[in-house]
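Structural overview for review
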Amino acid sequence: MTPGAPAGTTPADAVPGDTVPGDTAPGPSPAVAALDTPERRYRMLRLIRSFEERALGLVTSGVITGGIHPYIGQEAVAVGVCAALGAGDRLASTHRGHGHVLARGLDPARLLAELAGRVGGSNRGRGGSMHAADLRLGILGANGIVGAGAPIAVGAAWADLRAGSDAVAVAFFGDGALNQGVLLESLNLAAMWRLPVLFVCENNGYATTLPAGTAVAGSAVGRAAAFGIPAAEVDGMDTEAVRAAAEEAVARARNGGGPGFLECRTYRFEGHHTMERLMKLHYRTPEEVAAWRERDPLPRAAGAIGAGRAAALDAEVAAELAAAEEFALASPHPDPAGAADHLYASGLRPRAGAVV
Ligand SMILES: Cc1ncc(C[n+]2csc(CCOP(=O)(O)OP(=O)(O)O)c2C)c(N)n1
Ligand SMILES: [Mg+2]
């Protein structure tokens, strides 16, 4: 492949299955997760919770290097929002993104392999925890840059609108993004151009160890209101409350009503990042953590379907994740000789002489 060849040409060194831009995951085309019944939503809550618990174990044993930002405690937000989406919609995720991508339908086996840096991973093991993406599911990517999903979702919504589609784009972000300029720019543009975007603030009370109460002047919904964007505060520990609020905002956006904004009040039960286990930090009291654990979204969702049915689904998920781990661990690490592959869109390669 000669440098500078026009985009769209097939590189001579193309990897099989990599001819479609964004078709990052080898294997069959995945389907968006169906979350249309309380049972399916409960199963997904359990899948995310158990996936994260298993991933924590793999961090401890050194199989996953670099650590993760566990989503445990916040599952109702991802499941409630994704339950309100259609197959053609899109989402931009965060550094704490496993719940978002699983709720959208990413195969847990592929995600676990991705976390472990294996070729069978959703991004061939090259992205890791903070970069899981699959454009076939409308997953525009997790993102290690606080607030950076917002402009990506706004751009996707603008492109879809221009293309005549009625798709909606969701931007997930934390309370830590509320003071990022790029979020405010994104809110402004989405409001000015009446773009079909749902901004979802997962307010878990802390940005790393910084309490939102000492960092955020005004309020989350107040920021949206300043741009004329309808905003609602939602109990982020209640899947059905999140779903109802998201459905309303998604329907309005899809019908030309412009962007919406949800502030989901939630809590992470684990540390900010797995590194926190090695640190002696005292920014939350055990009483505060215990009080939020009382509001765990899983028992509430299990109550709606009955204990027997919930236990059966728990067993199903446990078996699925055991198989996922087997798949992930059997998958090899990528060949270091191919480290520079996939850095550019199809048709582009590093400049001759570039050090990669
Ligand atoms: C632009 C930017 N600034 C700082 C960081 C370092 N950082 C990583 S996570 C984080 C806190 C994010 O808090 P929040 O947005 O509330 O999400 P949470 O971790 O609570 O889910 C920070 C400051 C970063 N990744 N990107
Ligand atoms: Mg936070």
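Because the structure is predicted, anything quoted here is derived from the model rather than measured. (Residues numbered from 1 in each chain as written. Chains lettered and ligands numbered in written order. Predicted model: local features only at pLDDT ≥ 70, side-chain atom pairs only at ≥ 80, totals over all residues. Heavy atoms only, no water.)

Re the overall build of the protein chain
Within the protein chain, the secondary structure is distributed over 11 helices and eight strands. In terms of overall dimensions, the protein chain is globule-like: its C-alpha atoms have a radius of gyration of 20 Å, near the 21 Å expected for 356 residues. By its C-alpha atoms, the protein chain is 60 × 50 × 40 Å across when sized along the principal axes. Taking all 356 residues of the protein chain together, the buried fraction comes to 49%. Sequence-distant contacts, at least 24 apart, represent 76% of the contacts inside the protein chain between residues at least 6 apart. By element, 58% of the accessible surface of the protein chain is carried by carbon and sulfur atoms, the whole surface being about 15400 Å². (Helix = DSSP H or I, 4+ residues; strand = E, 2+ residues; numbered from the N terminus. Rg over C-alpha atoms; globule rule 2.2 N^0.38 Å. Buried < 20%, exposed > 50% of the residue type's maximum accessible area, 1.4 Å probe, protein only. Contact = heavy atoms within 4.5 Å. Areas by Shrake-Rupley, 256 points an atom, 1.4 Å probe, with all protein chains shown as cover.)

Some thoughts on the coordination of the magnesium ion (ligand 2)
Looking at the metal site, the magnesium ion (ligand 2) is ligated by D175 (OD), N204 (OD1) and Y206 (O), spaced 2.1 to 2.2 Å from it. One chain supplies every donor for the magnesium ion (ligand 2), spaced along it as D-x28-N-x1-Y. For the pair N204 and Y206, a shared accessibility class is recorded, and that class is buried. (Donors = N, O, S within 2.8 Å, 3.2 Å for Na, K, Ca; no water.)

Describing the confidence of the model for the protein chain
In this model, the protein chain carries a mean pLDDT of 91, and residues with pLDDT of at least 70 account for 90%. The low-confidence segment residues 1-25 (pLDDT under 50) makes 35 contacts with residues lying over four places distant or belonging to another chain. (pLDDT = per-residue confidence, 0-100.)

As for the state of the cysteines
Each disulfide is one covalent bond, formed between the sulfur atoms of two cysteines. Within the structure shown, the criterion is met by zero disulfides. Free cysteine: C82, not disulfide-bonded; nearest cysteine sulfur from C264 at 11 Å. According to the relative accessible area criterion, C82 is buried, its value standing at 5%. Lacking any disulfide linkage, C264 is separated from the closest cysteine sulfur, that of C201, by 7.9 Å. (Disulfide = S-S within 2.5 Å.)

Quick word on the pairing of strand 7 (residues 231-235)
Successive residues of a regular strand alternate their side chains across the two faces of the sheet. Relative to strand 8 (residues 260-265), strand 7 runs parallel, the two sharing five bridges. Its bridge partner being in strand 8, V234 is matched across the sheet by C264. As a crossover connection, the stretch from strand 7 through helix 8 (residues 239-254) into strand 8 is right-handed. (Pairing = 2+ DSSP bridges. Right-handed = clockwise from strand over helix to strand, strands pointing away.)

Quick word on the pattern of salt bridges
Applying the stated rule across the entire model yields 20 salt bridges. The salt bridge involving R40 is made with D36; its shortest N-O contact spans 2.7 Å. Looking at R40, the relative accessible area reads 41%, which means it is partly exposed. Its relative accessible area of 53% is what places D36 among the exposed residues. A salt bridge links R243 to E247; the shortest N-O distance between them is 3.1 Å. (Salt bridge = Lys/Arg side-chain N within 4 Å of Asp/Glu carboxyl O.)

A word on the environment of H131
By secondary structure assignment, the location of H131 is in the loop between helix 4 (108-115) and strand 2 (139-141). Sequence separation of H131 and L115 is 16 residues, and the distance between their C-alpha atoms is 9.6 Å. Ignoring sequence-local partners within four residues, the contact set of H131 consists of N123 and A142.

Description of the site of ligand 1
Around ligand 1, a shell composed of 15 residues is seen, among which H95, R96, G144, G176 and N204 lie nearest. At a separation of 3.1 Å, a nitrogen atom of ligand 1 approaches a polar backbone atom of V146. In the environment of ligand 1, an oxygen atom lies 2.9 Å from a nitrogen or oxygen atom belonging to the backbone of Y206. In the complex, 70% of the free accessible area of ligand 1, which totals 580 Å², lies under the protein chains. Class assignment of the residues belonging to the shell around ligand 1 gives a composition of five nonpolar, eight polar and two charged. (Near = heavy atom within 4 Å. Polar contact = N/O pair within 3.5 Å; in protein donor to acceptor, adjacent residues only side chain to side chain. Nonpolar A, V, L, I, M, F, W, Y, C, P; charged D, E, K, R; others polar.)

Focus: the packing of helix 2 (residues 75-82) against helix 8
For the pair helix 2 and helix 8, the least separation of the axes is 7 Å and the interaxial angle reads 40 degrees. Judged by the sense of rotation from one axis to the other, the crossing of helix 2 with helix 8 is right-handed. Only T239, V242, R243 and A246 of helix 8 make contact with helix 2, whose side of the interface consists of A76, V77, V79, G80 and V81. A per-class count over the contact of helix 2 with helix 8 returns six nonpolar, two polar and one charged. (Axes fitted to C-alpha atoms, helices over the stretch in contact; angles between N-to-C directions. Left-handed = near helix turned anticlockwise from the far one by under 90°.)

Focus: the side chain of E202
By secondary structure assignment, the location of E202 is in strand 4 (residues 197-203). It turns out E202 is buried and unbridged, and the closest side chain with the opposite charge, R96, is 7.4 Å from it. Polar contacts involving the side chain of E202 include one to the side chain of H100, which spans 2.6 Å. The residues contacting E202, other than those within four sequence positions of it, are Y71, Q74, V77, H100, F172, F173, G174, D175, C264 and T266. (Lys, Arg positive; Asp, Glu negative; His and termini not counted.)

Digging into the packing of aromatic side chains
What the rule picks out here adds up to four aromatic pairs. Centre to centre, the rings of Y267 and W292 are 5.0 Å apart; their planes meet at 5 degrees, and the pair counts as stacked. Of this pair, Y267 sits in the loop between strand 8 and helix 9 (286-293) while W292 is found in helix 9, placing the two residues 25 residues apart along the sequence. For the pair shown, Y267 and W292 are each scored as buried. (Phe/Tyr/Trp six-rings, centres within 6.5 Å; stacked < 30°, edge-to-face > 60°.)

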